[in-house]
Amino acid sequence: MTIARLQQVSTLVILMLAAGWAFVLAREGHPVAAVLGAVVVAFGYALFLALEFVLLLRHGIDVPARRPTPSRVALAWCGEVLRTPLVFCWRQPFRHAAEPDFLSAADLRGRRGVLLVHGFVCNRALWNPWMRRLRERGVPFVAVDLEPPFASIDRYGDVLQRAARRLRTATGRAPVVVAHSMGGLAVRAWLAGEPDAGAAVHRVVTIATPHAGTWLARFAVTTNGLEMRPGSAWLESLRARERERAHERFVCYWGHCDNIVFPISSATLAGAECRHLEATAHVQMTYHPQIFEDVLGLLQD
């Protein structure tokens, strides 16, 4: 089952539970409890997000100078609470195909393109705002779906290779790759197997990628989730496969309020250019305006 279908089902189940709760209690003469109960069911995810931030503060701050203040954490939590339903209950389940790849314009030859790679339990619709803005600027792009959604990260190399080849065929130039979360690991694994990684990509931008794993993966049950445990055999194998100076083309965005990837230095890579984002949570980081502007700059030679 695809991520879009899974999230369609989960969204509809939550809405039915909230509506059912409200209907039953309202019929029994408890309108206040009906409304409050429906709100708790619909927005209970905010409590889980809060727990993630608590775990971040307890187990994830391995750069003491970057320890966030309570106000920064609260700001990041609010941003993630607002962003989460938009991404996981609307764009990804119901707007998966709303923004097609942009390779059909007549004047794309010679224009460097962008390859967009999502992360764990996401799909290409994560990038819908990016795709609209890139199309408005005439920037060619391809956004992939990493399927099967819970397979080994190594399984996604063929998907990335085909997408990069489509961009090179349409434009004549190696693309800039932009990858969120687990997508950055998929890109690294793909490039480790490329005979000429320099010809395959121009630059690689990773956003909140668990390059050294993440503490939360200790609760993982899927194959790709287990591979993201710190010190996993898969991560060690990836490091062994990568060439010397493989990360010089990388720009890594990381943040001290990343509620998914921590310890927070896990999102950085030795040899890469690492840029810190203030008071920005994991999914929210994808839409940070500075990253989009920086990527436009990387499209230039």
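Our subject is the structure that appears above.
This section reports on the structure supplied with the text.

Calculation criteria
One numbering rule holds for all chains: residues counted from 1, following each sequence as written. For this predicted model, a pLDDT threshold of at least 70 governs which residues receive local features, and a threshold of 80 or more governs which side-chain atom pairs are given and counted, while totals over whole chains, interfaces and linings are taken from all residues. Side-chain numbers here rest on the full set of heavy atoms in the structure, without hydrogens or water. Any carboxyl oxygen of Asp or Glu that lies within 4 Å of a side-chain nitrogen of Lys or Arg is treated as forming a salt bridge with it. For the purposes of this entry, the term helix denotes a DSSP run of H or I that reaches at least four residues, the term strand denotes a run of E that reaches at least two, and both are numbered from the N terminus. Only protein chains enter the accessibility calculation, which uses a 1.4 Å probe. A residue is then buried if its area is under 20% of the maximum for its type, exposed if over 50%, and partly exposed in between. Two strands are said to pair when DSSP picks up at least two bridges between them. A crossover counts as right-handed when, viewed with the strands pointing away from the observer, the path leading from the first strand over the helix to the second turns clockwise. Every patch collects residues that have over 30% relative accessible area and no salt bridge, joining them within 9 Å if they carry like charges and within 5 Å if they are nonpolar side chains (Val, Leu, Ile, Met, Phe, Trp, Tyr). Per-residue accessibility takes into account occlusion by the displayed protein chains alone, with areas from the Shrake-Rupley method and a 1.4 Å probe. Fitting a line to C-alpha atoms yields each axis, with helices limited to the stretch in contact; the angle taken between N-to-C directions then spans 0 to 180 degrees. Under this scheme an angle from 65 to 115 degrees is roughly perpendicular, one under 35 degrees roughly parallel, and one over 145 degrees roughly antiparallel; angles in between are oblique. Note on convention: near helix rotated counterclockwise from far helix by under a right angle means a left-handed crossing. Clockwise means right-handed. The contact criterion used throughout is that any non-hydrogen atoms of two residues lie within 4.5 Å. Residues were grouped as follows: Ala, Val, Leu, Ile, Met, Phe, Trp, Tyr, Cys and Pro as nonpolar; Asp, Glu, Lys and Arg as charged; and all remaining residues, including Gly, as polar.

### Examining the pattern of salt bridges
Throughout the structure, instances matching the rule amount to 13 salt bridges. In this structure, the salt-bridge partner of Arg-72 is Glu-278, at a minimum N-O distance of 3.9 Å. Here Glu-278 lies in the loop between β6 (273–277) and α11 (289–298) and Arg-72 lies in helix α4 (residues 70–94), a separation of 206 residues in the sequence. Of the residues examined, Arg-72 reaches a relative accessible area of 37% and is grouped as partly exposed. For the salt bridge of Arg-132 with Glu-99, the shortest nitrogen-to-oxygen distance reads 3.6 Å. Linking Arg-132 in helix α5 (residues 128–136) with Glu-99 in the loop between α4 and β1 (114–117), this pair joins segments that are 33 residues apart in sequence. For Arg-132, a relative accessible area of 36% gives the class partly exposed. According to the relative accessible area criterion, Glu-99 is buried, its value standing at 9%. By sharing partners, the salt bridges in this structure join Arg-66, Arg-72 and Glu-278 into a single network.

### Thoughts on the pairing of β1
Here β1 shows a buried face lined by Val-114 and Leu-116 and a second buried face lined by Leu-115 and Val-117. For β1 and strand β2 (residues 141–143), the ladder comprises three bridges, and the chain directions are parallel. Residue pairing for β2: Leu-115 is matched across the bridge by Val-142. Read as a crossover between parallel neighbours, the route from β1 over α5 to β2 is right-handed.

### Digging into a nonpolar patch on the surface
On the surface, a cluster of nonpolar side chains totalling about 850 Å² of accessible area is made up of Val-9, Leu-12, Val-13, Leu-15, Met-16, Leu-17, Leu-86, Trp-90 and Phe-94. Those elements that place two or more of their residues in the nonpolar patch are α1 (3–27) and α4. In terms of residue count, α1 provides more of the nonpolar patch than any other element does, six residues in total. Note that Leu-17 resides in helix α1.

### Observations concerning the packing of α5 against α11
One can describe the packing of α5 onto α11 by two numbers: an axis separation of 12 Å at closest approach and a directional angle of 40 degrees. By the angle between their axes, α5 is oblique relative to α11. Between α5 and α11 lies a crossing of right-handed hand. Contacts from Trp-130, Arg-133 and Leu-134 in α5 reach Ile-291, Phe-292, Glu-293, Val-295 and Leu-296 in α11. A class-by-class count of the residues in the contact of α5 with α11 yields six nonpolar, no polar and two charged.

### A short note on the pairing of strand β3 (residues 176–180)
Among the five residues that make up β3, five are buried, leaving the element largely enclosed by the rest of the structure. In β3, alternate side chains face the same way, and those of Val-176, Val-178 and His-180 on one face and Val-177 and Ala-179 on the other are all buried. Here β1 pairs with β3 via four bridges, running parallel. Along β3, the bridge assignment pairs Val-114 with Val-176.

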